[in-house]
Amino acid sequence: EAPAGGEAPAEGAEAADAEAAPEPEPAPAPAPAEEKKRSKKVKRIPVTVSEAKSVGMSAQELMEAQEEEGKMAIEDKRIKEKADAMNQLEETIYSMRDKLSTSLSAFSTEDEKSPLMALLTSLEDWLYEDGMDVEKSVYDAKYAEIMDKCGPIEARAREADLRPDAIGELRKALARFSEFVGSSDEAYAHIEADDKAKVAAEVEAATAWLSEAEAKLAASPATADAPIKSAEITAKASALEGVCNPIMRKPKPAPKVEAAPPSPAPAEAEPAPAAEGDDAAAEPAAAPPPPAGADMDVD
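Residues numbered from 1 in each chain as written. Predicted model: local features only at pLDDT ≥ 70, side-chain atom pairs only at ≥ 80, totals over all residues. Heavy atoms only, no water.

A. Main features of the packing of helix α4 (residues 136–181) against helix α5 (residues 193–219). The N-to-C vectors of α4 and α5 enclose an angle of 150°; their axes lie 10 Å apart at closest approach. Classified by the angle between their axes, α4 and α5 sit roughly antiparallel to one another. Helix-helix and strand crossings are classified by hand; for α4 and α5 the assignment is left-handed. Along the contact surface, α4 presents R163, I167, L170, R171, L174, F177, S178, F180 and V181, while α5 presents K196, V199, A200, V203, A206, T207, W209, L210, E214 and L217. In terms of residue class, the contact of α4 with α5 is made up of 13 nonpolar, two polar and four charged. (Axes fitted to C-alpha atoms, helices over the stretch in contact; angles between N-to-C directions. Helix = DSSP H or I, 4+ residues; strand = E, 2+ residues; numbered from the N terminus. Parallel < 35°, antiparallel > 145°, perpendicular 65-115°, else oblique. Left-handed = near helix turned anticlockwise from the far one by under 90°. Contact = heavy atoms within 4.5 Å. Nonpolar A, V, L, I, M, F, W, Y, C, P; charged D, E, K, R; others polar.)

B. Expanded view of helix α2 (residues 59–101). Here α2 contains 43 residues, and its C-alpha end-to-end distance of 64 Å stays within 8% of the 63 Å for a straight helix at 1.5 Å per residue. Looking at α2, one finds that the buried residues are K82, A85, M86, L89, T92, I93, M96 and L100. (Expected span 1.5 Å × (residues − 1). Buried < 20%, exposed > 50% of the residue type's maximum accessible area, 1.4 Å probe, protein only.)

C. Quick look at the confidence of the model for the protein chain. Residues with a pLDDT of 70 or more make up 74% of the protein chain, whose mean pLDDT is 82. In the model, residues 1–10 has pLDDT below 50 throughout and makes zero contacts with residues more than four positions away in sequence or in other chains. (pLDDT = per-residue confidence, 0-100.)

D. Representation of the nonpolar core within the structure. In this structure, L170, L174, F177, F180, V199, I233 and L240 are the most contacted members of the largest nonpolar core, which totals 22 residues. When contributions to this core are tallied by element, the ones reaching two or more residues are α4, α5 and α6 (230–248). Excluding anything up to four places from it in sequence, F180 contacts Y188, I191, K196, V199, I247 and M248. Core analysis: the second largest hydrophobic core is formed by 20 residues, L119, W126, V134 and C150 among them. (Core = buried A, V, L, I, M, F, W, Y, C linked by side-chain atoms within 4.5 Å.)

Okay, structure coming up:
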């Protein structure tokens with residue numbers, strides 16, 4: 001039932017009052033309590049220095065250390081040299097075996113090749129068994145043994161490689177000087193006939209020598225030592241150049257300069273003839289006659 005006299009219900013009034021009232025502010029947080037400072041304790045301990053010693057080595061110790069360092073350097077050098085000699089021997093065994101089957105095969109007979117192959121195989125076996133730790137002199141001796149027996153074969157191959165170039169250079173020189181001998185070029189007109197004849201004789205002799213050398217080389221097998229070395233062919237070309245080049249390059253004589261004839265001495269100038277008026281002026285005037293009636297001395 002509604003309350004009499006128009007009064008609002010009590011519950012509604014309380015609710016309205018509650019909504020109208022402001023919310024209370026939160027209470028401030030309590031201030032943190034101050035930390036208590038800790039005290040630092042210091043303990044002092046007296047230090048006593050009895051004696052001051054220098055840091056380092058004494059003169060005697062330094063000298064001994066340097067001597068030891070020198071010994072170590074010598075030993076390192078010895079080990080390196082021994083290792084180098086061993087590597088050289090090993091490399092030579094493998095490379096020479098390969099060459100005898102390839103590049104040196106044409107320059108070695110079967111009688112040379114078979115014992116060399118056997119030597120290389122035996123040295124290889126020795127190297128990996130008893131030769132792993134021997135003195136350098138032992139490696140050097142084994143290497144010299146290989147080169148002593150393979151050296152002639154390598155020399156034949158080297159000669160066959162150098163010979164074509166040496167012959168080619170000699171042929172070029174012969175062709176150049178032959179052309180000079182038969183040339184009528186004005187550039188060589190000043191060279192005397194005797195000098196040209198000398199060049200012609202040198203060319204002829206060198207040509208004959210080269211023909212004979214080539215015949216010997218053609219008759220010699222590749223497995224034999226060359227009868228004519230490439231150095232001999234090069235020397236022949238140099239000798240030909242030494243004789244013929246100075247003649248071929250002889251400079252032209254300087255043209256003779258004729259002395260100019262002496263110029264004639266200048267003639268003395270003759271006096272110019274004087275004009276008639278000038279002659280009259282140049283002659284002295286005649287003395288005037290004596291006046292008339294003048295007294296004259298009479299004897």
